[in-house]
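Per-entry structural report
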Amino acid sequence: MSKQFAKNQTLQSRHRFTRKPNLADVNAAGHDMLRLVNRRILLSILSDRQPISRAEIAKISGLNKATISTITGELLKDACIIEEGSGRTTPIGGKPPTPLRLNAKRFGLFGVDIRSDETVLALSDFNNRIVSRVSFETGSVASSFLNKIGKEIRKLCAKHDSFIEFPGIGVSLPGLVDNQSGKFLLSVVLPWRDVPVVNLLEKATGLPVIIDNSARCSALAEIWHGKTQYAHVRNLLYVSVSTGLACGVVIDGGLYRGGTNTAGQFGHIPIDVNGPDCRCGQRGCWDLYASDKATLKRYADLRGASGKRVSTMRKLVELVEAGDTAATEAVRETARYLGIGITGLINGLDPEVVVIGGEITKAWGVIEEIIVEETKRNLLAPRSHSVAIRPSAFEVRPSLKGALTLIQNSLLSVPHMG
Ligand SMILES: [Zn+2]
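Now for a quick tour of the structure.

The rules behind each value
Residues numbered from 1 in each chain as written. Predicted model: local features only at pLDDT ≥ 70, side-chain atom pairs only at ≥ 80, totals over all residues. Heavy atoms only, no water. Helix = DSSP H or I, 4+ residues; strand = E, 2+ residues; numbered from the N terminus. Buried < 20%, exposed > 50% of the residue type's maximum accessible area, 1.4 Å probe, protein only. Polar contact = N/O pair within 3.5 Å; in protein donor to acceptor, adjacent residues only side chain to side chain. Contact = heavy atoms within 4.5 Å. Salt bridge = Lys/Arg side-chain N within 4 Å of Asp/Glu carboxyl O. Axes fitted to C-alpha atoms, helices over the stretch in contact; angles between N-to-C directions. Parallel < 35°, antiparallel > 145°, perpendicular 65-115°, else oblique. Left-handed = near helix turned anticlockwise from the far one by under 90°. Phe/Tyr/Trp six-rings, centres within 6.5 Å; stacked < 30°, edge-to-face > 60°. Lys NZ or Arg CZ within 6 Å of the ring centre and 35° of its normal.

1. Some points on the side chain of S172
Checked against the element boundaries, S172 lands in strand β6 (residues 165-173). We classify S172 as buried; its relative accessible area is 0%. Among the polar contacts listed, one links the side chain of S172 to the side chain of D113, at a separation of 3.4 Å. With residues near it in sequence (within four places) discarded, S172 still touches V112, D113, I114, D212, N213, S214, C217, S399 and A403.

Encoded structure:
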């Protein structure tokens, strides 16, 4: 029995083991599994801290130097990592520690961010640097549109043939997505229904495809690539404010997907049972008060029949910036309803950080105080720390970053054992 294992068995640390083993899909920790986990921990440390020496990796990971040396040897052989400036000497003639880096050319990752109006396809290297980005008008017929995207991906593979491997394509979609069956189920903003996106895109490209909805993709992007202050955050709530409201929930570093893989539709929690009818069949859903659609309607009502029409949130935010009273009032009221819904979710989920994404966050100076005040007033149990509420770290298309992260996550995340 190793010392580490013995230490983990002490009463004080047993609370860290909380998962019931999944006996329907047993994944016992054999030698190969342990090797895979350690390899991915090392790659994640490199991704986060590079350039970094073997000694520093040993300090962070808790693994001994011999194990680090074996794993980095394998990773060098697989061309996953490179040694930086090898062969240098110190002034007194000794050999300095050789820093290690990820090999940017090892993997070319594809991300496709499909929105109702525009779709963006991007290719990034293993260091998350985007090397190509193309946009298209989103097609109303899913099969022919995905075929077209597939052709573009094949072109990019040929053009960027210096990548050793293209491990897959991550796709972000605006609506209900079942990532297990690989289907896009439905959406209010896109006329696609029951589309086997994974199947169609895999056939068109010959590459593995992973899909998810935009709120969950964005949550994943925040947990992997959000601002440095989120580096140690394990539990995060992402609220995507768009035509509708949807959320992505990260629990202990992983996305929560639920029993039928559709978790996160908090926009359809009723906040007023006597409120107006919602398209989901209920009344007074949160979505009806805090989505962009609700804010635009509120502005139109405030301006009256003779008032100026505004059809996009971007334009409404421009009016707020220009000091328009009705636009500012509409956005402030939405902020209040965002605060009401977020308070309920904080009470239920207890995240460390709440991240809000969408055009409305461009008016952060107007909405922040209202949201924070609302949550402070209504949180249960006095907290030793306040929950951080922040706009997304990605000003442009968090969901594109998320689509790319779906593939990075498949390369670096650690599997559940047991
Ligand atoms: Zn509803």
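2. Side note on the pattern of salt bridges
Here the structure, examined in full by the defined rule, presents 23 salt bridges. Its salt-bridge partner being R129, residue D125 comes within 3.7 Å of it at the nearest N-O pair. Its relative accessible area of 6% is what places D125 among the buried residues. Overlapping salt bridges, with partners in common, bring together R35, R39, E74 and D78 in one network.

3. Some thoughts on the packing of helix α10 (residues 292-303) against helix α11 (residues 313-321)
Between α10 and α11, whose axes approach to 10 Å, the crossing angle comes to 55 degrees. With respect to α11, the element α10 is oriented oblique. With respect to the hand of their crossing, α10 and α11 are arranged in left-handed fashion. Each of D292, T295, L296 and Y299 in α10 lies in contact with α11, whose residues at this interface are M313, L316 and L319.

4. Details of the packing of aromatic side chains
Applying the stated criterion to the full structure yields six aromatic pairs. With a centroid separation of 5.8 Å and 65 degrees between ring planes, the pair formed by F163 and F166 is classed as edge-to-face. Summarising the burial analysis for this pair, F163 and F166 share the class buried. On the basis of an interplanar angle of 85 degrees and a centroid distance of 6.0 Å, the ring pair of F184 and W192 is categorised as edge-to-face. Exposure remark for F184: the relative accessible area of 0% places this residue in the buried category. Residue placement shows K105 over the ring face of F163; its charged tip is 4.4 Å from the ring centre. We note R106 situated over the ring of F107; from NZ or CZ to the ring centre the distance is 4.5 Å.

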